[in-house]
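Below, each chain spelled out in residue letters.
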Amino acid sequence: MRVLLSGNEAIARGAYEYGISVATAYPGTPSTEILENMVNYKDNIYCEWAPNEKVAMEVAIGASLGGARALVAMKHVGLNVASDPFLTLSYTGVKGGLVIVSADDPGMHSSQNEQDNRHYARMAKVPMLEPSDSQEAKDYVGIALEISEVFDAPVLLRTTTRVSHTKTVVRLSEREKIPAPSEFERAPGKYVMVPANARMRHIAVEERLERLRQYAEETDINRIEWRDKKVGVITSGISYQYVREAMPDASILKLGMTYPLAENLIRKFANGVETLYVVEELDPFLEEQIKAMGINVIGKEKLPILYEFDQSIIREKLADEKIELKNFLGETQLPPRPPVLCPGCPHRGVFYILKKLKLVVMGDIGCYSLGVAPPLAALDSTVCMGASVGMTFGAELALKENIKGKIVGVIGDSTFIHSGITGLIDIVYNKGASTIIILDNRTTGMTGHQDNPGTGRTLKGERTHQLDLKEVVRAVGIKNVRVIDPYNLEETEKVITEEINKDEPSVIITNRPCVLIVKDEKQNKYRVDAKLCKNCGMCYMVGCSAIYREDNKANIDEIFCAGCGVCAQVCRFNAIKKVGDMDDQ
Amino acid sequence: MTNKVMSIMVVGVGGQGVILASELLCEAAMRMGYDVKKSEIHGMAQRGGSVVSSVRYGEKVYSPLITKREADILLSFEQLETLRWLDYIKPEGKIVINDQRIVPMAVAVGQGEYPDVFGILNRVTDKVYKLNGPDIAQQVGDIRAVNVALVGALSIHLDIPMELWRKVIESRVPPETLDINLKAFEMGRTLMKVP
């Protein structure tokens, strides 16, 4: 059967077809849909959202050592979080086949950095496969499992955004029957990585790498496509598609396995062409290794190290084809349309108050990263999941009394559970007095509303214990725990002001769920009374896309208005009222 | 080159249904027996920002992306968003445009002006096909049907039979909205035929 699947959907399908029985992940663009689609196969595959990528990895390792075929998926920066178990997993090896999906994001469409996770394969000394469309994404799950079990190694399946989120035609097959494991096969010399054992296992890792090099020479996922021999291109992943499009006559060495490299095959290809290019997004990962083989190859001297590629970049840089563009717009400047906090977003009121109080705000990863955009512009840092908590404490250590009462950290519910808790323990343990605001919107918002331990539901949609954030923060030693309604600006301002001035640490938790998951009743919408509006512009400062200026008055688009009432509270002329409360109705 | 690839860009604002529209298009092209690729960015784009989805189909498609001067058709859900992608249209390309404005935040707060979109489009090409999507959606009784009405408008420029479109819509929309969506599709298609 032929169907259109995204790379992520195809990986989920591959997990089904190739007998995987445990799959774990923490959501992260562009990897999220792998587990979201894995749920379709929940009768055959146990699947879960873990609290973070490290736990997801550890559950998958346990499943593998227990004898099951397992898969763990994450975005590129997620592998940083999971890198500790990952790097030692290389030493323990596997029992059931284990696939680790790293979805990289060249171009940073939805990420804080552009790291090239191919380096992880080299650092961990594990095999790496890179599919270039959805069919390969599915097929490579099967190949990865086979390599994993034959070579006793975890396998890194590395995708990029344009593979993860591109739909291409895929042929489906049935699920392989893999017998369920019946007992844990003990192998402490292999699984218990105390130094004496680890020293022996490092030898096994190096020997394994040699055998994998031989495999790379023989596998048909590394293949030469001979065409015109004047120009040859070594490439992999999505770049293969751009090269085929831009240079239809070039000979290509397509590498499906990009670590370890097939040196003899590369040498044979290099000897067969006059000019040799390597086309790879981000770092010169292939290029440097090929050059180290003593082979002359052109890569980053012609092609960018930044951002993602497309066929036009290849045409321009390697085939000298430039296109002429006309200036259709003339002098017209197009207003930008960046993503914004939704109308009714519970984060809006908090950021409005943080800006009003002129506080330094240590931010985190989530929808609230959008608090950096004007007019709210109330964010001073975003580094990684969980960082806001420790960074708030650190800035206080640096500035001491100079920043007392002038700084807060903000973090989401899912992010706090992911890795904010440990930062909070640090603040309590080391006698800090930071104020942390947990923007608890009861979902993992930015990645598209995934459940987490705070929502009381699992990935499979079952009810489960709902983690109580208040009890958690009390348990780590926070005495000042306040819950606020972020739609109530007066209360929000009062509580934040009180807590930042205390000599003890505080946690403030907001109590409104994401506006996109709670259906709002219609009578709550707001409207501007044009007779009272003085066009002062205060309501524009809450940064709500439902509010716009027309005929020198503020207006509210009632289709978009979610009825939060934040704008009505900032209006000094009482011109914004609930629909129904207007005088002339 | 015998391998003719059709490249269609679908653009708009997060929440307008751009992705479903391009899904319908892909499904139809696949049922025609073509190789199909569709690419877009998920994640932050769903928060009211600009959205673009690229659809390419033909005998064999390599790159999923449409780069400058490659789009045969630009299907735009919002006036201003059309202007961001003018460089991507082929010199002989067509623009199918929804006659709807969604004012971006910058303009809403008085920084920047909403441009004179049709004035600029007149300078680009005479192949501009305008449809009042919200009007059709209102007539069929569901504001969310704008996207399907626009696919209907797009459909007269493509070599895909009506019967196939009907099957694709049946397979992709919730059963209770099928009648509304089919009606919106047919209205979009019919109105586009009349100059």
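This one's a predicted model, so the numbers in the text were calculated from it and none came from an experiment.

1. A look at the overall build of chain A
Here's step 1: A tally of helices and strands in chain A yields 20 helices and 22 strands.
Here's step 2: Whereas a compact globule of 585 residues would reach a radius of gyration of roughly 25 Å, chain A reaches 27 Å, a difference of no more than 12%.
Here's step 3: In terms of overall dimensions, chain A has a C-alpha envelope of 80 × 65 × 50 Å along the principal axes.
Here's step 4: In chain A, which comprises 585 residues, the share counted as buried stands at 52%.
Here's step 5: Across chain A, the fraction of contacts at a sequence separation of at least 24, relative to all contacts at a separation of at least 6, is 75%.

2. Quick word on the overall build of chain B
Here's step 1: When helices and strands are tallied, chain B shows eight helices and six strands.
Here's step 2: Beginning at the N terminus, the succession of helices and strands in chain B can be written as β-α-β-β-β-α-β-α-α-β-α-α-α-α.
Here's step 3: In terms of overall dimensions, chain B is globule-like: its C-alpha atoms have a radius of gyration of 16 Å, near the 16 Å expected for 195 residues.
Here's step 4: In terms of overall dimensions, chain B has a C-alpha envelope of 50 × 45 × 40 Å along the principal axes.
Here's step 5: Residues counted as buried form 54% of the 195 residues belonging to chain B.
Here's step 6: In chain B, once contacts between residues fewer than 6 apart in sequence are set aside, the share between residues at least 24 apart is 67%.

3. Quick notes on the confidence of the model for chain B
Residue and element names in this part refer to chain B.
Here's step 1: Looking at chain B as a whole, the pLDDT averages 92, with 95% of positions reaching at least 70.
Here's step 2: Element-level mean pLDDT values for chain B span from 84 in helix α3 (residues 105-108) up to 98 in strand β4 (residues 71-76).
Here's step 3: Both scores are available for the predicted complex, with the pTM at 0.96 and the ipTM at 0.94.

4. Description of the interface of chain B and chain A
Here's step 1: Listed by partner, the interface residues are 45 residues for chain B and 43 residues for chain A.
Here's step 2: Elements with a minimum of two residues in the side of chain B that touches chain A: α1 (18-31), β2 (35-40), α2 (79-83), α3 and α4 (117-124) of chain B.
Here's step 3: Judged from the three bridges that link them, strand β8 (residues 166-171) of chain A and β2 of chain B form a sheet pairing that is antiparallel. If you follow Thr168 of chain A over to β2 of chain B, its bridge partner there is Lys37 of chain B.

5. Some points on the packing of helix α3 (residues 53-65) of chain A against helix α5 (residues 83-92) of chain A
Think of two packed helices as two axes; the pair is described by the angle between the axes and how far apart they sit.
Residue and element names in this part refer to chain A.
Here's step 1: Viewed as axis vectors pointing N to C, α3 and α5 meet at an angle of 30°, and their least axial separation amounts to 8 Å. Here α5 runs roughly parallel to α3, going by the angle between their axes. Contacts from Lys54, Met57, Glu58 and Ile61 in α3 reach Asp84, Pro85, Phe86 and Leu89 in α5.
Here's step 2: In terms of residue class, the contact of α3 with α5 is made up of five nonpolar, no polar and three charged.

6. Some remarks on the nonpolar core
Here's step 1: Within the largest apolar cluster, 155 residues are counted, with the highest numbers of intra-cluster contacts made by Ala15 of chain A together with Ala149 of chain B.
Here's step 2: Here this core spans two domains, and each of domain 1 (2-218) and domain 2 (222-318) of chain A adds at least three residues to it.
Here's step 3: Those residues in contact with Ala15 of chain A, other than ones at most four positions away along the chain, are Ile20, Ala23, Met38, Ile45, Leu71 and Val141 of chain A.
Here's step 4: Ranked by size, the runner-up nonpolar core spans 70 residues in total, among them Ile411, Met446, Ile496 and Cys564 of chain A.

7. A few points about the domain arrangement of chain A
Here's step 1: Looking at chain A, the domain boundaries give domain 1 (2-218), domain 2 (222-318), domain 3 (347-510) and domain 4 (522-578).
Here's step 2: Each of domain 2 of chain A and domain 3 of chain A has a C-alpha centre, and these two points are 46 Å apart.

8. A closer look at the sheet that holds strand β15 (residues 407-412) of chain A
All names here are of chain A.
Here's step 1: Read across the sheet, five strands follow the order β14-β15-β16-β18-β17 without closing on themselves; strand pairing throughout is parallel. For this open sheet the edge positions go to β14 (360-362) and β17 (480-484), each flanked by a neighbour on one side alone. Taking the axes of each pair of neighbouring strands and ignoring which way they run, one obtains an average angle of 25° across the sheet.
Here's step 2: The sheet contact formed by β17 and strand β18 (residues 506-510) spans five bridges and is parallel. Pairing of Asn480 across the sheet is with Ser506, part of β18.
Here's step 3: Across the sheet, helix α16 (residues 387-399) touches β14, β15 and β16 (435-439), and the angle it forms with β15 is around 170°.
Here's step 4: Relative to β17, helix α19 (residues 489-500) is tilted by about 170°, and along the sheet it contacts β15, β16, β17 and β18.

9. Quick word on helix α7 (residues 162-172) of chain B
All names here are of chain B.
Here's step 1: Among all positions in α7, only Trp165, Val168 and Ile169 are buried. Buried residues of α7 fall within an arc of 100° about the axis and therefore sit on the same side. In this structure, α7 carries Glu163, Glu170 and Ser171 as exposed residues pointing more than 90 degrees from its buried face.
Here's step 2: On its buried face, α7 is in contact with α1, α6 (146-155) and α8 (178-193).

10. Let's talk about the packing of α1 of chain B against α7 of chain B
All names here are of chain B.
Here's step 1: Close contact between α1 and α7 brings their axes to 9 Å; oriented N to C, the two are set at 125°. The pairing of α1 with α7 is recorded here as oblique in orientation. Considering how the two elements wind past one another, α1 and α7 form a crossing that is right-handed. Residues Glu23, Leu24, Glu27, Ala28 and Arg31 of α1 form the contact with α7, whose own contacting residues are Leu164, Trp165, Val168, Ile169, Ser171 and Arg172.

11. As for unusual backbone geometry
All names here are of chain A.
Here's step 1: Here Thr29 and Pro30 are connected by a cis peptide whose omega angle stands at 5°.
Here's step 2: As for its position among the elements, Pro30 is in the loop between β2 (22-25) and α2 (33-38).
Here's step 3: For the bond running from Tyr259 to Pro260, omega is -15°, close enough to zero to count as cis.
Here's step 4: The topology assignment puts Pro260 in the loop between β12 (257-259) and α12 (263-272).
Here's step 5: For Ala377, which is not glycine, the phi dihedral falls at a positive 40°.
Here's step 6: Looking at the secondary structure, you find Ala377 in the loop between β14 and α16.
Here's step 7: Residue class for Ala377 comes out partly exposed when judged on the 13 C-beta atoms lying within 10 Å of it.
Here's step 8: Positive phi is not limited to glycine here, since Asn535 has a value of about 55°.

12. Digging into helix α5 (residues 133-140) of chain B
Residues and elements named next belong to chain B.
Here's step 1: When α5 is considered as a whole, its buried residues turn out to be Gly133, Ile136, Ala137 and Val140. Viewed end-on, α5 has its buried residues packed into an arc of 100°, placing them on one side of the element.
Here's step 2: In the segment just after α5, Gly141 is the residue with positive phi, at about 95°.

13. Remarks on the pairing of β8 of chain A
Here's step 1: The pairing of strand β1 (residues 2-6) of chain A with β8 of chain A spans five bridges and is antiparallel. Note that in β8 of chain A the partner of Ser6 of chain A across the bridge is Lys167 of chain A.

14. Thoughts on the sheet that holds β12 of chain A
All names here are of chain A.
Here's step 1: An order of β3-β2-β4-β5-β7-β6-β12 is seen for the seven strands of this open sheet, with the pairing classed as mixed. With one partner strand each, in any of the chains shown, β3 (46-49) and β12 form the two edges of the open sheet.
Here's step 2: As paired elements, strand β6 (residues 128-129) and strand β7 (residues 155-160) share two bridges and run parallel to each other. Bridge assignment links Leu129 to a residue of β7, and that residue is Leu157.

15. Considerations on the environment of Ala23 of chain A
Here's step 1: If you trace the backbone, Ala23 of chain A turns up in strand β2.
Here's step 2: When residues no more than four places from it in sequence are discounted, the contact partners of Ala23 of chain A are Ala15, Leu35, Met38, Ile45, Cys47, Ala70 and Leu71 of chain A.

16. What to know about the environment of Val52 of chain B
All names here are of chain B.
Here's step 1: Residue position: Val52 is located in strand β3 (residues 50-58).
Here's step 2: Judged by C-beta crowding, with 21 C-beta atoms within 10 Å, Val52 ranks as buried.
Here's step 3: Those residues in contact with Val52, other than ones at most four positions away along the chain, are Met9, Val11 and Glu40.

Calculation criteria
Residues numbered from 1 in each chain as written. Chains lettered and ligands numbered in written order. Predicted model: local features only at pLDDT ≥ 70, side-chain atom pairs only at ≥ 80, totals over all residues. Helix = DSSP H or I, 4+ residues; strand = E, 2+ residues; numbered from the N terminus. Rg over C-alpha atoms; globule rule 2.2 N^0.38 Å. Buried ≥ 20, exposed ≤ 12 C-beta atoms within 10 Å, placed from the backbone. Contact = placed C-beta atoms within 7 Å. pLDDT = per-residue confidence, 0-100. Pairing = 2+ DSSP bridges. Axes fitted to C-alpha atoms, helices over the stretch in contact; angles between N-to-C directions. Parallel < 35°, antiparallel > 145°, perpendicular 65-115°, else oblique. Nonpolar A, V, L, I, M, F, W, Y, C, P; charged D, E, K, R; others polar. Core = buried A, V, L, I, M, F, W, Y, C linked by C-beta atoms within 7 Å. Domains from an automatic or database assignment. Arc of directions from axis to C-beta. Left-handed = near helix turned anticlockwise from the far one by under 90°.

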